[in-house]
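# Analysis of the macromolecular model
Letter by letter, the chains look like this.
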Amino acid sequence: MIQYLPYQRKRRTQDFRFTTNRPWTQEFKRENEGLPRSEVFIEPIKDWSIFRGDRVEILVGRDKGKHGIVSQIFEERNWVIVNGMNWYYRRIGESDDYPGTIIRQELPLLVTTEVSLVDPSDNKITKVVWRYTEDGEKVRVSSRTGRIIPVPAAANETYDYKVKSAYLEGDKDTKSDVVEKVTFQPELKTFDMDVMKSMGIEEDRTPKKSYWY
Amino acid sequence: MGKKNFRSIFIGNKRGSRIYKETRIKDPDYISDIPVYTDVKPIGYRYGKEYRVIPEMIPDIIVPDLTDCPLKPYVSYRANVAVQEEFTAKTLFSFVYEEKIKKDFANQKLDASSLPLEPSDAESLSSETAYLEARKTGSDIFSERIPRHWECLELKSDK
């Protein structure tokens, strides 16, 4: 049997090793240039509960017991980077004559086992469940104290804005008041008739009758 | 993208066979921002050896005057975009006829068979008139078939 379609191997997540370098960077490309590496097994988390700006406690390593603020999240590897915690020294800009500048680089921590959310009411670790309030809002509730742990504002931050209402509209952006205005007036006209009307075309001739057999 | 001397980049055009264009896409120096058009619609038909161009098939892109147009290519993040219901024939009917029918019913201006005694313009429109009005636009894009090339053989005598 002739195969008319060429065999197309789909790109799978196992074909890439996700790291702290984002997939669109040169470093990621360099890391994934060669043969695909062995697959990393990640525990699937149904309800992701840790966001940027959350206060967490570190449960393993040198900084065990310390609290920190989450600065980055990598959902593909179940990682978080806690600001200033779990770091190591490394050199930048090393060359033949220059020894390089020493900086601290944070290592990622696993969300499932190495890090835990902190309840703001008593500053102790807690497990978190998602529940609905009376208003229908989905919130995180501490299973130990029952207190709502609100999602921090930093979680809704993007490259374009810190808060949506503070977004600075550019030249190519349609202003929000223009977008929200409803200008549609339904009329008993087909699309072509509407175009004719808006262009001011008037037609007196009627088409001849046509038949389908 | 970085600083590049655009003269040295071959941007390309519509010309070239399909195979040539496909190899260009797979080329490592290919810049994905500049598209390669492989799906070009025909503007006529082949009649034997020659290719006959039908002027009506050549796409005519009409762009309105966009000076002082408040609409731009992107939408601001600040806009609260509301979800609108689907605009169906039922919605159009209710928009055009509903109010009048309700008013007539309240004032007993409907006769025994529920037809209006004082019909408005929309209500007095018959199906034949509506059909003719719609066909008056002269647009045959949905109503008439594009003639196959063997059906255009009669035109040869005109030329």
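Please refer to the structure higher up on the page.
Below is a summary of the structure that appears in this document. None of these values were measured; they are calculated from a predicted model. (Residues numbered from 1 in each chain as written. Chains lettered and ligands numbered in written order. Predicted model: local features only at pLDDT ≥ 70, side-chain atom pairs only at ≥ 80, totals over all residues. Heavy atoms only, no water.)

### Comments concerning the sheet that holds strand E1 (residues 55-58) of chain A
Pairing is antiparallel across the open sheet formed by 6 strands, whose spatial order is E6-E3-E2-E1-E7-E8 (chain A). For this open sheet the edge positions go to strand E6 (109-110) and strand E8 (124-125) of chain A, each flanked by a neighbour on one side alone. (Pairing = 2+ DSSP bridges. Helix = DSSP H or I, 4+ residues; strand = E, 2+ residues; numbered from the N terminus.)

### Some thoughts on the packing of aromatic side chains
Residue and element names in this part refer to chain A. Within the structure shown, the criterion is met by 11 aromatic pairs over all chains. Among the aromatic residues, those joined into a cluster by ring pairs are Phe16, Phe18 and Phe28. For the cation-ring pair, arginine 104 lies above tryptophan 87, with the distance from its terminal atom to the ring centre recorded as 4.3 Å. (Phe/Tyr/Trp six-rings, centres within 6.5 Å; stacked < 30°, edge-to-face > 60°. Lys NZ or Arg CZ within 6 Å of the ring centre and 35° of its normal.)

### Details of the nonpolar core
All names here are of chain A. Membership of the largest hydrophobic core is limited to 12 residues, which are Trp48, Ile50, Val56, Ile58, Val70, Val80, Val82, Met85, Leu109, Val111, Val115 and Leu117. Contributions of two or more residues to this core are made by E1, strand E3 (79-82) and strand E7 (115-119). If we skip the residues at most four places from it in the chain, leucine 109 touches Ile58, Val60, Asn78, Trp79, Val80, Val82, Asn86, Glu114 and Val115. (Core = buried A, V, L, I, M, F, W, Y, C linked by side-chain atoms within 4.5 Å. Buried < 20%, exposed > 50% of the residue type's maximum accessible area, 1.4 Å probe, protein only. Contact = heavy atoms within 4.5 Å.)

### A look at the environment of lysine 164 of chain A
The topology assignment puts lysine 164 of chain A in the loop between strand E11 (148-149) and strand E12 (173-174). Residue classification places lysine 164 of chain A among the partly exposed positions, given a relative accessible area of 46%. Setting aside residues no more than four positions away along its own chain, lysine 164 of chain A makes contact with Tyr77 and Arg78 of chain B.

### A look at the interface of chain B and chain A
Contacts between chain B and chain A engage 29 residues on the former and 32 residues on the latter. Summed over both partners, the interface of chain B with chain A buries about 2,600 Å², with 66% contributed by carbon and sulfur atoms. The largest contributions to the chain B side of the interface with chain A come from Tyr77, Arg78 and Lys136 of chain B, which together make up 28% of the buried area. The interface formed by chain B and chain A contains 1 salt bridge. A salt bridge links arginine 78 of chain B to glutamate 169 of chain A; the nearest nitrogen and oxygen atoms lie 4.0 Å apart. In this structure, the connection of chain B to chain A is made through 8 residue pairs in polar contact (both at pLDDT 80 or more). Those elements giving two or more residues to the side of chain B that touches chain A turn out to be strand E3 (74-75), helix H2 (89-106) and helix H3 (127-135) of chain B. Residues belonging to the side of chain B that touches chain A are distributed by class as follows: 17 nonpolar, 6 polar and 6 charged. As defined by bridge partners, E12 of chain A adjoins E3 of chain B across 2 bridges and the pair is classed as parallel. Bridge pairing in E3 of chain B links aspartate 173 of chain A to tyrosine 74 of chain B. (Buried area = accessible area lost by both parts, 1.4 Å probe. Salt bridge = Lys/Arg side-chain N within 4 Å of Asp/Glu carboxyl O. Polar contact = N/O pair within 3.5 Å; in protein donor to acceptor, adjacent residues only side chain to side chain. Nonpolar A, V, L, I, M, F, W, Y, C, P; charged D, E, K, R; others polar.)

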